[in-house]
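Spelled out, the chains give:
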Amino acid sequence: MQKKYLLISLQFVFSICNAQLPIVNSPTIPSPIETVYIDPNGNDLNPGTFALPKKSFYAAISSINFGIPNVNGGNNYGEVVFKTGDYYPTGSSGYTQDYNNWRTIVGGFYVYKNISVRGLDNVVLHGDSLAVESQMIYLTGSGIKVSNIKIKDSRLHGVAVIGSNITHHSNVVVDSVNVDGAIDNGIWVTGYNNVLVQNCVLTNTCLRNYNSIGACKWASACRVENSKHATVVKNEIFNNWGEGLNMSLVRNAKVQDNIVYDNYSVNIYCHSTSNAIY
């Protein structure tokens, strides 16, 4: 009964005050202009078609073109599709897009390649063979999406999508990503306008804090920070060794319909976030 009265009271307050809920914009993800397929048994000499996939992520994104100066803001949109299978990256790279594979100068103008990542059916990325402190998926750029991928035992973050804290990048979606094991953040998005994280399952992340003996640098299972218009919905976040869901320095946020429980320190942490719906 107490919960019922609280709901009625809040509805009454909103009605008499004519309060307006904050507007939270959704991201817009352009359709990819170029698509490259990779497979654990592929070959980097292949063209990257479905029938003849490449093997490495680096070869796949390197084969995608940059944009054209003064056309669509110099942006090109590409997609790397992981075919069904188990992937075991080695060394220190994981599936990362370095700066030189995101932006370059052509004819005196900046041009960009914005890379999305998608798994077909059952795709599992294993971090067992990666070097310590290596990223699993690390992307930058605008209008990008990471979807339908399982990540096991990342040596750093599960998915890191890093924009600019000064000039914000725009439009990122992380959808249907399962992270089971990560040293630091499970999903980390920073420096973006228009963010959506949905339908993800995050557990056993922030493992530096395992048994409360580490220094995790305030990592979280799901962390969105330094962003505007961020929506985090319909995720399950549990048994993590840091904050479960962290919204820090976000303007216009919506956090709804998440299942968050049994996370060490706190389940939901909101720091300097304004115009928020929880």
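As a reminder, the structure under discussion sits directly above these lines.
All residue numbers refer to positions counted from 1 along the written sequence of the respective chain. With the structure being a predicted model, the display of local features is reserved for residues of pLDDT at least 70 and the display and counting of side-chain atom pairs for 80 or more, all residues being used for whole-chain, interface and lining totals. Side-chain measures were taken over the full set of non-hydrogen atoms in the model, leaving aside hydrogen atoms and water.

The next subject is the environment of Asp121. Each helix is a run of H or I in the DSSP string that is no shorter than four residues. Each strand is a run of E no shorter than two, and both are numbered from the N terminus. Inspection of the secondary structure assignment puts Asp121 in the loop between strand E6 (109–119) and strand E7 (123–126). Sequence separation between Asp121 and Gly85 is 36 residues, and the spatial gap between their C-alpha atoms is 8.7 Å. In this structure Asp121 touches Thr84 and Asn148, once residues within four positions along its chain are discounted. By the convention used here, residues are in contact when the closest approach between their heavy atoms is within 4.5 Å.

With that out of the way, let us pick up the packing of aromatic side chains. Each aromatic pair joins two rings of Phe, Tyr and Trp (for Trp, the six-membered one) with centres within 6.5 Å, and gets the label stacked for planes under 30 degrees apart, edge-to-face for over 60, and tilted for any other angle. Enumeration according to the criterion identifies 10 aromatic pairs in this entry. Summarising the aromatic geometry, the rings of Phe82 and Tyr87 are spaced 5.1 Å apart at their centres and angled 75 degrees between planes, so their arrangement reads as edge-to-face. The same class applies to Phe82 and to Tyr87, which are both buried. With a centroid separation of 5.3 Å and an interplanar angle of 10 degrees, the aromatic rings of Phe238 and Tyr261 are classed as stacked. Of this pair, Phe238 sits in strand E16 (residues 236–238) while Tyr261 sits in strand E18 (residues 259–261); the two residues are 23 residues apart in sequence, bridging distant segments of the chain. For every residue, the accessible area (1.4 Å probe, protein chains only) is compared with the maximum for its type, and the residue is labelled buried under 20%, exposed over 50%, or partly exposed between those bounds. Given a relative accessible area of 17%, Phe238 falls into the buried group.

The topology assignment puts Val260 in strand E18. When neighbours within four sequence positions are excluded, Val260 is seen to be in contact with Ile237, Gly244, Leu245, Asn267 and Ile268.

Next up on the list: the side chain of His169. By the secondary structure assignment, His169 is in strand E11 (residues 169–182). With near-sequence residues (within four places) excluded, His169 lies in contact with Trp102, Thr140, Gly141, Ser142, Ile162, Gly163, Ser164, Gly191, Tyr192 and Asn193.

Both faces of the sheet carry side chains from a regular strand, because those side chains alternate between them. Both faces of strand E10 (residues 159–162) are covered, namely the face carrying Val159 and Val161 and the face carrying Ala160 and Ile162. For two strands to be treated as a pair, DSSP must find no fewer than two bridges joining them. Pairing of strand E8 (residues 137–139) with E10 involves 3 bridges; the strand directions are parallel. What sits directly across from Ile137, in E10, is Val159.

Turning our attention to a nonpolar patch on the surface. Here a patch means residues that are over 30% exposed by relative accessible area and free of salt bridges, tied together within 9 Å if like-charged and within 5 Å if nonpolar (Val, Leu, Ile, Met, Phe, Trp, Tyr). The Shrake-Rupley method, run with a 1.4 Å probe sphere, supplies the accessible areas, and residue values consider only the shown protein chains as cover. Each reported salt bridge corresponds to a side-chain nitrogen of Lys or Arg within 4 Å of a carboxyl oxygen of Asp or Glu. Where nonpolar side chains cluster on the molecular surface, the patch consists of Tyr99, Ile105 and Tyr110 and spans about 330 Å² of accessible area. Positionally, Ile105 belongs in strand E5 (residues 103–106). For Ile105, a relative accessible area of 52% corresponds to the exposed category.

Scanning all chains against the criterion turns up 5 salt bridges. Across the pair Arg118 and Glu79 runs a salt bridge, and its minimum N-O distance is 2.8 Å. Of the two residues, Arg118 sits in strand E6 while Glu79 sits in strand E2 (residues 75–82), which places them 39 residues apart along the sequence. Owing to a relative accessible area of 11%, Glu79 belongs among the buried residues under this scheme. Residues Arg208 and Glu133 are paired through a salt bridge, measuring 2.8 Å at the closest nitrogen-oxygen approach. With Arg208 in the loop between strand E14 (201–203) and strand E15 (220–233) and Glu133 in the loop between E7 and E8, the pair connects residues that are 75 residues apart, well separated along the chain. Given the relative accessible area of 41%, Glu133 is considered partly exposed. Overlapping salt bridges, with partners in common, bring together Glu133, Asp184 and Arg208 in one network.

Fair warning: the whole summary comes from geometry, so function is off the table for now.
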